[in-house]
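The primary structure of each chain is shown beneath.
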Amino acid sequence: MQNATGTPEYLTVKQFCEKHPAFSLGGLRSAIFWKRDELEKSHAVAQLGRRVLINEPAFLQFVQSGGLKSVRGAA
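The notes below deal with the structure included here.

A look at the pattern of salt bridges
- In this structure the tally under the stated criterion is three salt bridges.
- Here Lys19 makes a salt bridge to Glu56, at a shortest N to O gap of 3.1 Å. Highlighted residues: Lys19 in helix H1 (residues 13-19) and Glu56 in helix H3 (residues 56-64), separated in sequence by 37 residues.
- When its relative accessible area of 5% is taken as the criterion, Glu56 is described as buried.

What follows is the structure, encoded as structure tokens:
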């Protein structure tokens with residue numbers, strides 16, 4: 001989601017999982033760990049100190065385009 005100025009609105013990992021229950025907290029953290037470089041390049045995640053923030057529309061677009069089709073460490 002973006003506000004009137006076009007600036008992305010970020011959610012924490014926990015907030016994102018609460019809003020989108022299809023994503024489990026552990027699964028999302030694992031995907032971010034293994035795909036961090038790709039997610040950052042696509043502007044789907046940003047880091048503020050130790051906190052990871054998710055740019056909701058960019059992240060969902062990344063998932064829809066198949067960016068998380070294979071995540072290392074997943075069964």
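What about the sheet that holds strand E3 (residues 51-55)?
- Here three strands make up an open sheet; going across it, the order is E1-E3-E2 and the pairing antiparallel. The sheet is open, and its two borders are formed by strand E1 (10-12) and strand E2 (45-48), each paired with just one other strand. Direction aside, neighbouring strands of the sheet carry axes that sit 40 degrees apart on average.
- Lying on the sheet, H3 is in contact with E1, E2 and E3; it crosses E3 at an angle near 75 degrees.

Rules used in this analysis
Residues numbered from 1 in each chain as written. Predicted model: local features only at pLDDT ≥ 70, side-chain atom pairs only at ≥ 80, totals over all residues. Heavy atoms only, no water. Salt bridge = Lys/Arg side-chain N within 4 Å of Asp/Glu carboxyl O. Helix = DSSP H or I, 4+ residues; strand = E, 2+ residues; numbered from the N terminus. Buried < 20%, exposed > 50% of the residue type's maximum accessible area, 1.4 Å probe, protein only. Pairing = 2+ DSSP bridges. Axes fitted to C-alpha atoms, helices over the stretch in contact; angles between N-to-C directions. Contact = heavy atoms within 4.5 Å.

Any functional reading would require information that these geometric values do not contain.
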